[in-house]
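Results of the structural survey
Each chain is listed here by its residues.
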Amino acid sequence: MGFKALCFGLFCVLFASHIYVPIPGNIEEYWKVMALDAAAKTCTFMALCFENIGIMRYEEFISMIFKLDYTQPLSDEFVVVTDTAFTDIPVRLYLPKRKSETPRRAVIYLHGGAYCFGSCKQTAFDFLNRWTANKLDAVVVGVDYRLAPQHLFPAQFEDSIAAVKFFLQDKILTKYGVDPNRICISGDSSGGTLTAAVTQEVQNDLEVNHKIKIQALLYPHLQIIDSYLPSHRENEHGIVLTRDIAIKLVSLYLSKDETLPQAMKKNQHMPLESRHLFKFVNWTTLLPKKYRKDHVYTEPVLGRTNYSLPALMDSRASPLLANDSQLQNLPSTYILTCQYDTVRDDGLMYVSRLQNVGVQVVHEHIEDGFHGALSYMRSPLYLRLGLRIRDMYISWLDKNL
């Protein structure tokens, strides 16, 4: 009995040490955030335990939890909601019920979920897209792209660009009563990656007649070539999303090679021939001084790996790697970043890159924000932070679309 009690006590200590991280003092609704963070890290701890003892893989367990939150396409008094497909890619459509004398605005939303999880059918994204359609009297399309690791990069990009190009056809825009000059692509987290990559493709593709008017990136992940930025160091044990879990999920997105996560943790995952790309993510010049602080630049070690992984140098996976000539064709852009976010500096550097080539950028930084906050907009996982980000995003859309 004493031995069992000792083992249980040791397990509790190990468990608590894995999930407890001090929450910054300026966080709104401090105790609620602490509880949500503990719940997220408990799920992560359980998933990793199950993976280590061979019950199921980490991503399978987390995916099961996400799927519990999927919703049905229920219409309400303001919006007609339907599930359909654009060229075999599942989408959820939100069409305002009120009559309109003129063509409507449209928003295509690419959901977050670290490339491996989630759906536009999740409660939070369904709520956000329904809210957007009603508040802006806009047609909204949520895209359900394929997920990793069953479908590796570039499947997510290919589905997203295919759905967007399908929607931009004249006959489809006419069918849904959309003004071809008032279309936005938006996305959060990994959906922000896809939004940036898809917008780059559309704006630079001469065969696409209708271009995007504006794009919105909400705490986006925009590069994978440098895994030791200041935000990675400061938020190594971040709220909800830690550096190690971010690296694990990106690795699942890119490759089945199990040596990739360890190489990324050491910032030794890039090949020798990638050296010329680091000027596009050089945080010593692209980050404002406020965010550089006293951090010292550590040059990544190149050529240490044996695998060949072209995705590591692909701008569709890392939109920050696009050259200036590609960026200068981009539309007016909204970028929202959060202070307590491991990918914070990706968004900050993209702001600098776009401004340097003359793209109009509105940047809003949430000093008490953290990654994934938009997931917490509905009971019981309700946070004022999520609603604040929603309102900032909708306000910018309404003024600019």
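Residues numbered from 1 in each chain as written. Predicted model: local features only at pLDDT ≥ 70, side-chain atom pairs only at ≥ 80, totals over all residues. Heavy atoms only, no water.

A look at the overall build of the protein
From N to C terminus, the protein includes 15 helices and eight strands. Computed over the C-alpha atoms, the radius of gyration of the protein is 21 Å, within 12% of the 21 Å expected from 2.2 N^0.38 for a compact globule of 401 residues. Seen through its principal axes, the protein has C-alpha atoms that stretch 75 × 50 × 40 Å. The long-range fraction of contacts in the protein, counting pairs at least 24 apart against all pairs at least 6 apart in sequence, stands at 75%. With the model as given, the accessible surface of the protein reaches about 17,500 Å², and the carbon-plus-sulfur share is 56%. Side chains of the protein give 42 positive and 42 negative charges; the mean places of these two sets differ by 2 Å. (Helix = DSSP H or I, 4+ residues; strand = E, 2+ residues; numbered from the N terminus. Rg over C-alpha atoms; globule rule 2.2 N^0.38 Å. Contact = heavy atoms within 4.5 Å. Areas by Shrake-Rupley, 256 points an atom, 1.4 Å probe, with all protein chains shown as cover. Lys, Arg positive; Asp, Glu negative; His and termini not counted. Charge placed at Lys NZ, Arg CZ, Asp CG, Glu CD.)

Considering the pairing of strand β4 (residues 139-143)
Burial analysis of β4 places five of its five residues in the buried class, the great majority of the element. Of the two faces of β4, the one holding V139, V141 and V143 and the one holding V140 and G142 are both buried throughout. Pairing analysis gives four bridges linking strand β2 (residues 89-96) to β4, with the strands arranged antiparallel. For L93, the partnering residue across the bridge sits in β4 and is V141. Inspection of the sheet shows strand β3 (residues 104-110) paired to β4 by five bridges, in the parallel sense. (Buried < 20%, exposed > 50% of the residue type's maximum accessible area, 1.4 Å probe, protein only. Pairing = 2+ DSSP bridges.)

Points about the confidence of the model for the protein
For the protein, mean pLDDT is 94; residues scoring 70 or higher make up 95% of the total. Across residues 3-19 the pLDDT falls below 50, and counting only partners more than four positions away or on other chains, this stretch makes nine contacts in the model. (pLDDT = per-residue confidence, 0-100.)

Notes on the sheet that holds strand β1 (residues 79-86)
In spatial order, the strands read β1-β2-β4-β3-β5-β6-β7-β8; together these eight strands make up an open sheet with mixed pairing. Strands at the two margins of the open sheet, each flanked by one partner only, are β1 and β8 (361-370). Each adjacent strand pair in this sheet contributes to an overall mean axis angle of 20 degrees, direction not counted. The strands touched by helix α14 (residues 344-356) within the sheet are β6 (214-218), β7 (332-340) and β8, with β7 carrying the most contacts at an inclination of about 150 degrees. Each of β3, β5 (178-188), β6, β7 and β8 is contacted by helix α15 (residues 384-400), which is oriented at about 170 degrees to β8, the strand it contacts most. (Axes fitted to C-alpha atoms, helices over the stretch in contact; angles between N-to-C directions.)

Examining the environment of S251
Looking at where S251 falls in the secondary structure, it is placed in helix α9 (residues 243-254). On the basis of relative accessible area, S251 is assigned to the buried category, the value being 3%. Along the primary structure S251 and Q262 are separated by 11 residues, whereas in three dimensions their C-alpha atoms are 9.6 Å apart. Within the local environment of S251, its side chain forms a polar contact with the backbone oxygen of I247, the two atoms lying 2.8 Å apart. (Polar contact = N/O pair within 3.5 Å; in protein donor to acceptor, adjacent residues only side chain to side chain.)

Re the environment of Y109
Along the chain, the position of Y109 falls in strand β3. For Y109, a relative accessible area of 1% gives the class buried. Linking Y109 and S186, residues 77 residues apart in sequence, is a C-alpha distance of 4.9 Å. The contact partners of Y109, leaving out residues within four places of it in the chain, are F125, L128, N129, V141, G142, V143, S186, G187, D188, L218, L374 and Y393.

Brief notes about the nonpolar core
With 57 residues, the main nonpolar core has L249, L254, M349, Y350 and L354 as its most contacted residues. Mapped onto this core, the elements with two or more residues apiece are α3 (58-67), α9, α10 (260-265), α11 (283-286) and α14. In contact with L354, other than residues within four places in its own chain, are L327, L330, T333, I335, V359 and V361. Counting residues in each nonpolar core, the second largest holds 42 residues, with A133, L218, M377 and I394 among its members. (Core = buried A, V, L, I, M, F, W, Y, C linked by side-chain atoms within 4.5 Å.)

Structural notes on unusual backbone geometry
The omega torsion of the bond from A148 to P149 falls at 0 degrees, within 30 degrees of zero and hence cis. Summarising the element assignment, P149 is placed in the loop between β4 and α5 (155-167). Omega for the bond connecting F153 with P154 falls within 30 degrees of zero, at 10 degrees, which places this linkage in the cis form. Note that P154 resides in the loop between β4 and α5. Within the chain, Y115 stands out as a residue other than glycine whose phi angle is a positive 70 degrees. One can find Y115 in the loop between β3 and α4 (123-136). We classify Y115 as buried; its relative accessible area is 2%. At D137, a position not held by glycine, the phi torsion is positive, near 50 degrees.

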